[in-house]
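Structural features, examined
Take a look at the letters that make up each chain.
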Amino acid sequence: MSKQRFLSLDVFRGLTIFLMITVNSPGLGAEPFAFLEHAQWFGFTLADLVFPSFLFAVGNAMSFSIKKFDSDADFLKKVLKRTFLIFLFGYLMYWFPFFVVGEDGSIGISPISDTRVMGVLQRIALCYGFAAIIVRYLSVKMILIVSAFLLFGYWIILYLFGVPGEELTKMGNAGTLLDHFILGDSHLYHGDGGDAFDPEGILSTLPSIVNVLFGYLAGLYIQKGGKNYETIAKLLMAGAVLLLGAVTWDLMFPIGKKLWTSSFVLYTVGIDLLMISCLIYLVEIKNIKFGVNFFNILGKNPLFLYLLSEILYMTMRMIYVAPDLDTYGWFSIKIFQTIAPGPIGSLLMALAFTMVCWLAGYWLDKKKIYIKI
């Protein structure tokens, strides 16, 4: 297998982080563009592509690193440690800032009983952990079989154990019922219309593992095939087949991120394969340098920069410069909505915030600091 360095995969990871931060931090004072918001339930937008693409990138990186371990003991120690730490950081992020201020001005510990358990980093941790073990011990053929089992099994479980007639609804699907039973209402996400529903719940983690597995298989094939037109053509064909399968399955099992349907997995992986194909052509074959280093900087410290963006955003939303206006709102409304009212101002604020995070990544890169978990 070729030991070539594929800069296109690094750019893909950095582009994913860039979009992830931008989508998660829209400016206030106006509704953002529709494509930067997640679909309400079924359907698909650009925002819906970001998280599964990051999982796909995790699989890409895994294809380069998984064989480096000399023993199973070293491998399991590393994987379990990394899974635990990423999950822990995700949990602590939702517990942040760890204290609450009472009406009388007293300060107390923020109750763990109200802290969300699952979430984005938690899903990344679980998908990484399970996928790493699968690819370490199973052949490519078996990985494909396991992927099919997870996708079809998830579909079957939803219909077997969901509320009859409401199997694919927000509150009637089997995943929500399981989350309520195991975690309880107070430990779920409440930002989606006030309902206790978690888009990164326990059961929907199963199909999301496949995004990582397909990313691994794509990375493995790219290393084996090399930087050539044949590799690009086969990736394009694979992407087209998955997209066709997704839109066909959509007729019976609709594409939707919040339920992370199996058709959604095929659809996002198909798009990711098309994107990777384009990047290999532009970066590896045509040797285009424009924007490469910009996105590569984000790709060198992806988890840290994502965590930084979330903590910084939450901090700015907690610091008020007026009784009804927090810091993030002040920049959004007083500056960017003044410059460009409406969705454009909202997007400009999100991009400005993303650039602040990029500057942190640039500084880390200049100092040769790469934070690995």
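Heads up: the structure comes first, above all this text.
Figured I'd write up the structure that's included with this text. Note that the coordinates shown come from a computational prediction; the quantities given were computed from them, not determined experimentally. (Residues numbered from 1 in each chain as written. Predicted model: local features only at pLDDT ≥ 70, side-chain atom pairs only at ≥ 80, totals over all residues. Heavy atoms only, no water.)

1. Let's talk about the overall build of the protein chain
This is how it is decided: Note on conventions: DSSP H or I runs of at least 4 residues are helices, E runs of at least 2 residues are strands, and numbering of each starts at the N terminus. Throughout, the radius of gyration refers to the C-alpha atoms, and the reference size of a globule is 2.2 Å times the residue count to the power 0.38. Summary of the burial criterion: residues with accessible area below 20% of their type's maximum are buried, those above 50% are exposed, and those between are partly exposed, where the area comes from a 1.4 Å probe applied to protein chains only. When checking whether two residues touch, look at their non-hydrogen atoms; a contact exists if any pair is within 4.5 Å. Calculation of accessible area relied on Shrake-Rupley with a 1.4 Å probe; when residues are assessed, cover is drawn exclusively from the protein chains displayed.
Each helix and strand counted, the protein chain has 13 helices and 4 strands in total. A compact globule built from 373 residues should have a C-alpha radius of gyration of about 21 Å, and the protein chain, at 21 Å, falls within 12% of that. Each of the three principal axes of the protein chain carries a C-alpha extent, and together these read 65 × 55 × 45 Å. The buried share among the 373 residues of the protein chain stands at 50%. Considering only contacts in the protein chain between residues 6 or more positions apart, those separated by 24 or more positions represent 74%. Surface accessibility of the protein chain: about 17500 Å² in total, with carbon and sulfur atoms responsible for 70%.

2. Some points on the packing of helix α10 (residues 292-300) against helix α13 (residues 343-366)
Geometrically, a packed helix pair is captured by the angle between its two axes and the distance between the axes. Stated precisely, the cut-off is as follows: Here an axis means a line fitted to C-alpha atoms, over the contact stretch when the element is a helix, while the angle between two N-to-C directions is reported on a 0 to 180 degree scale. Roughly parallel means an angle under 35 degrees; roughly antiparallel, over 145; roughly perpendicular, 65 to 115; everything else is oblique. Residue polarity follows a fixed list, in which Ala, Val, Leu, Ile, Met, Phe, Trp, Tyr, Cys and Pro are nonpolar, Asp, Glu, Lys and Arg are charged, and the others, Gly among them, are polar.
Between α10 and α13, the shortest axis-to-axis distance is 9 Å and the interhelical angle comes to 80°. Considering the angle they form, α10 stands roughly perpendicular to α13. Where α10 abuts α13, its residues F294, I297, L298 and K300 lie against M355, W358, G361, Y362 and D365. Considering only residue class, the contact of α10 with α13 consists of 6 nonpolar, 1 polar and 2 charged.

3. Observations concerning unusual backbone geometry
Positive phi outside glycine occurs at W260, with the angle close to 50°. Mapped onto the secondary structure, W260 falls in the loop between α8 (229-249) and α9 (262-285). Its relative accessible area of 0% is what places W260 among the buried residues. Even without being a glycine, K368 presents a positive backbone phi close to 60°. With respect to the secondary-structure elements, K368 resides in the segment after α13.

4. Section: the packing of helix α7 (residues 205-225) against α8
For clarity, the threshold we go by: We call a crossing left-handed when the near helix sits turned anticlockwise from the far one by less than a right angle, and right-handed when that turn is clockwise.
In contact at an axis separation of 9 Å, α7 and α8 are set at 160° when each is read in the N-to-C sense. Comparing the axis directions of α7 and α8 gives the class roughly antiparallel. Here the hand of the crossing between α7 and α8 comes out right-handed. Side by side, α7 and α8 meet where F214, Y221, I222 and G225 of the first sit next to E230, T231, K234, L235 and L242 of the second.

5. Some details on the packing of aromatic side chains
Which entries qualify depends on this criterion: Two rings from Phe, Tyr or Trp (for Trp, the six-membered ring) form a pair when their centres are within 6.5 Å of each other. A pair whose planes differ by under 30 degrees is stacked, one over 60 is edge-to-face, and the rest are tilted. A positively charged side chain is recorded as over a ring if its NZ (Lys) or CZ (Arg) lies within 6 Å of the ring centre. The angle to the ring normal must also be within 35 degrees.
With the rule as written, the count across this model stands at 25 aromatic pairs. Consider the rings of F12 and F56, whose centres lie 5.8 Å apart with planes at 70°: the pair is edge-to-face. Taken together, the residues span a long stretch of sequence, with F12 in helix α1 (residues 7-24) and F56 in helix α2 (residues 46-65) at a distance of 44 residues. Side by side, F12 and F56 carry an identical accessibility label, which is buried. One aromatic cluster is present, built from ring pairs that chain together F18, F294, F295, W358 and Y362. Taking NZ or CZ as reference, R123 lies 5.1 Å from the ring centre of W260, over its face.

6. Some points on helix α11 (residues 302-318)
Since one α-helical turn is 3.6 residues long, residues separated by three or four positions face the same way. This is how it is decided: What a helix is expected to span follows from its residue count: subtract one and scale by 1.5 Å.
Compared with the 24 Å implied by 1.5 Å per residue over 17 residues, the 25 Å span of α11 between its first and last C-alpha is a close match. Looking only at α11, the buried set comprises P302, L303, L305, Y306, S309, E310, Y313 and M316.

7. Overview of the environment of D192
Along the chain, D192 turns up in the loop between α6 (174-182) and α7. Accessibility expressed as a relative area gives 12% for D192, which makes it buried. Counting along the chain gives 152 residues from D192 to Q40, while the straight-line C-alpha distance between them is 9.0 Å.

8. Brief notes about the nonpolar core
Looking at soluble globular proteins, one finds that nonpolar side chains tend to be buried together. Note the threshold: Here, the term nonpolar core denotes a set of buried Ala, Val, Leu, Ile, Met, Phe, Trp, Tyr and Cys residues that are joined through side-chain atoms within 4.5 Å.
Counting residues in hydrophobic clusters, the biggest one holds 88 residues, and the most contacted among them are F56, M62, I124, L158, F214, Y216 and I276. Leave out the neighbours within four places in its chain, and F56 touches F12, N211, F214, G215, A218, V269, D272, L273 and I276. Membership of the second largest hydrophobic core comes to 6 residues, among which are Y91, M118, L183 and L188.

9. As for the side chain of E167
The criterion, for reference: Positive charge is attributed to Lys and Arg, negative charge to Asp and Glu, and no charge count is given to His or to the chain ends. Any carboxyl oxygen of Asp or Glu within 4 Å of a side-chain nitrogen of Lys or Arg constitutes a salt bridge here. Throughout this description, a polar contact denotes any pair of N or O atoms lying within 3.5 Å of each other; where both atoms belong to protein, one of them has to be capable of donating a hydrogen while the other can accept it, and for residues adjacent in sequence the pair is counted only when both atoms sit in side chains.
Positionally, E167 belongs in the loop between α5 (140-161) and α6. Salt bridges are absent for the buried E167, whose nearest opposite-charge side chain, K170, sits at 17 Å. Of the polar contacts made by the side chain of E167, one reaches the backbone nitrogen of G165; its length is 3.2 Å.

10. Topic: the pattern of salt bridges
For the structure shown, the criterion picks out 10 salt bridges. Note that K257 is salt-bridged to E200, the shortest N-O span being 3.5 Å. Here K257, found in the loop between α8 and α9, pairs with E200, found in the loop between α6 and α7; they are 57 residues apart in sequence, far enough to count as distant. Assessed through its relative accessible area of 7%, K257 is described here as buried. Assessed through its relative accessible area of 5%, E200 is described here as buried.

11. Regarding the environment of T205
Relative to the helices and strands, T205 resides in helix α7. Each C-alpha atom of the pair T205 and Y154 lies 9.6 Å from the other, and the pair is 51 residues apart in sequence. Not counting residues up to four positions away in its chain, the partners in contact with T205 are M118, R123, L126 and C127.

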